[in-house]
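# Chains, contacts and geometry: an overview
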Amino acid sequence: MPVNPNASIEISAFRWVPDFAAGLVRDLRVRWALEEAGLDYRVRLLGAEKPAGYVREQPFEQVPTYREDEVQIFESGAIVQYIGEKEERLLPRDPQGRFRAIQWTYAALNSVEPALQQVVLCDIFYPKEEWSKLRRPGAEEFARLKLKRVSDWLGDKEWLEDRFTIGDLIMVTVLRNLRHTKIVADYPNLAAYQARGEARPAFQRALSDQLAVFKEHQPEAA
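All of the points below concern the structure found in this document. Throughout, residues of each chain are indexed from 1 in the direction in which the sequence is written. Where totals are concerned, whole chains, interfaces and linings use all residues; where local detail is concerned, this predicted model gives features only for residues with pLDDT of at least 70, and gives and counts side-chain atom pairs only at 80 or more. Excluding hydrogens and water, the side-chain values take into account all heavy atoms of the structure.

## Observations regarding the packing of helix H1 (residues 27-37) against helix H7 (residues 201-216)
Short version of the rule: Angles shown run from 0 to 180 degrees and are taken between the N-to-C directions of axes, each axis being a line fitted to C-alpha atoms and, for helices, limited to the stretch in contact. Helix numbering and strand numbering both begin at the N terminus, where a helix is a DSSP run of H or I of at least 4 residues and a strand a DSSP run of E of at least 2. Angle categories: roughly parallel below 35 degrees, roughly antiparallel above 145, roughly perpendicular from 65 to 115, and oblique for all the rest. Two helices that cross are described as forming a left-handed crossing if the nearer one is turned anticlockwise from the farther one by less than a right angle, and a right-handed crossing if clockwise. In what follows, residue pairs with any heavy atoms lying within 4.5 Å of each other are defined as contacts. Residues are grouped as follows: nonpolar covers Ala, Val, Leu, Ile, Met, Phe, Trp, Tyr, Cys and Pro; charged covers Asp, Glu, Lys and Arg; every other residue, Gly included, is treated as polar.
With their axes 8 Å apart at the nearest point, H1 and H7 run at an angle of 135° to one another. If you check the angle between H1 and H7, you find them oblique. Judged by the sense of rotation from one axis to the other, the crossing of H1 with H7 is right-handed. Each of Asp 27, Leu 28, Arg 31, Trp 32, Glu 35 and Glu 36 in H1 lies in contact with H7, whose residues at this interface are Ala 202, Phe 203, Arg 205, Ala 206, Leu 207, Asp 209, Gln 210 and Val 213. Grouping the amino acids of the contact of H1 with H7 by side-chain chemistry returns seven nonpolar, one polar and six charged.

As structure tokens, this is what we get:
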């Protein structure tokens, strides 16, 4: 649970990705939110070639998408917020609590993730390019600036606000982008915060289900 081939909720996900991306593909966020909410879902698996018409569901032909009856959504942040609207455990119902949680999803996706992705681009996608080698120190410096701001806000709190919300769910998945480095570890409260999120049973189930799909569809060695 809650993966169920007969569920009314359907998400799209990749059938397989290389090892460096496994556990990072953004359907993980949606799987995690659905697990936290206890909502069954089915998965439509996609390969490198997208089915005809998929671009009308996801203009950038990425994953995930979300379908439930007449509701169709793309972008993981929007989908997680929609799931939060269904479940108070993810998104408080009082206006202040609700928008404090929502603002942290935007902060994670708009203020933090783009900075961390610059490090990922240098390290994973273009490690041998001369421009990447020149860019790497500045990319890390900028990423650290963003991480320090989050670390300073978090302080000794367990979560970004007074309890776990969609803001934490998105922020933890964003921090995972640097798992190939020790950068987050330099901020002990952030490292502990990430570990708390990853230790949640719902996260573990979501991660296990995503990785199981990739293992099942692992290409045969040439």
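## Quick notes on the pattern of salt bridges
The condition that has to hold: Each reported salt bridge corresponds to a side-chain nitrogen of Lys or Arg within 4 Å of a carboxyl oxygen of Asp or Glu. Burial status follows relative accessibility: with a 1.4 Å probe on protein chains alone, a residue under 20% of its type maximum counts as buried, one over 50% as exposed, and anything between as partly exposed.
Scanning the model with the defined rule gives 19 salt bridges in all. We note a salt bridge from Arg 31 to Asp 27, for which the minimum N-O separation is 2.7 Å. In this pair, Arg 31 and Asp 27 are both assigned in helix H1, four residues apart and thus about one turn of the helix distant. Accessibility expressed as a relative area gives 0% for Asp 27, which makes it buried.

## Looking at the packing of helix H3 (residues 95-125) against helix H5 (residues 166-175)
Relative orientation of the contacting elements H3 and H5 amounts to 10°, with a least axis distance of 7 Å. Comparing the axis directions of H3 and H5 gives the class roughly parallel. The segment H3 lies against H5, with Ala 101, Ile 102, Trp 104, Thr 105, Ala 108, Leu 109, Val 112, Glu 113 and Leu 116 engaging Ile 166, Gly 167, Ile 170, Met 171, Val 174 and Leu 175. Here the contact of H3 with H5 is built from residues that sort into twelve nonpolar, two polar and one charged.

## Remarks on the pairing of strand E2 (residues 42-46)
So the rule is basically this: At least two bridges found by DSSP between two strands are what make those strands a pair. Crossovers are described as right-handed under a simple rule: with the strands pointing away from the observer, the path leading from the first strand over the helix to the second runs clockwise.
Of the pairings in the sheet, the one linking strand E1 (residues 9-14) to E2 comprises five bridges and is parallel in character. Looking across to E2, one finds that Phe 14 is bridged to Leu 46. Note that the unit made of E1, H1 and E2 has a crossover that is right-handed.

## Quick look at the layout of surface pockets
Definition in use: A pocket here means an open set of points on a 1 Å grid, computed over the protein atoms alone, that has protein on both sides within 12 Å along at least five of seven lines. A cavity is instead a set of points where a 1.4 Å probe fits but cannot get out; residues with an atom within 4 Å of a point line either one. Grid points are joined across faces, edges and corners, and a volume is the space filled by probe spheres set on the points.
Of the volumes computed, that of the largest pocket is approximately 570 Å³. Taken together, 27 residues form the lining of the largest pocket, with Ala 21, Leu 24, Val 25, Arg 26 and Gln 117 sitting closest to its centre. Of all the secondary structure elements, the ones that give two or more residues to the lining of the largest pocket are H1 and H3. Broken down by element, the lining of the largest pocket gets its largest block of residues, five residues, from H3. Per-class residue counts for the lining of the largest pocket are 13 nonpolar, eight polar and six charged.

## Here's the deal with the nonpolar core
Just so we agree on the cut-off: Put simply, buried Ala, Val, Leu, Ile, Met, Phe, Trp, Tyr and Cys residues joined by side-chain atoms within 4.5 Å make one nonpolar core.
Counting 51 residues, the largest nonpolar core has Ile 83, Leu 147, Leu 190 and Tyr 193 as the members making the most contacts within it. Look past the residues within four positions of Tyr 193 in its chain and what remains in contact with it is Leu 154, Glu 158, Trp 159, Leu 160, Gly 167, Asp 168, Met 171, Val 172 and Leu 175. Grouped together as the second largest cluster of nonpolar side chains are nine residues, Val 17, Ala 22, Val 25 and Tyr 54 included.

## Concerning the side chain of Glu 198
Tracing the chain through its elements places Glu 198 in helix H6 (residues 188-199). With a relative accessible area of 18%, Glu 198 lands in the buried category. With near-sequence residues (within four places) excluded, Glu 198 lies in contact with Val 172, Arg 176, Phe 203 and Gln 204.

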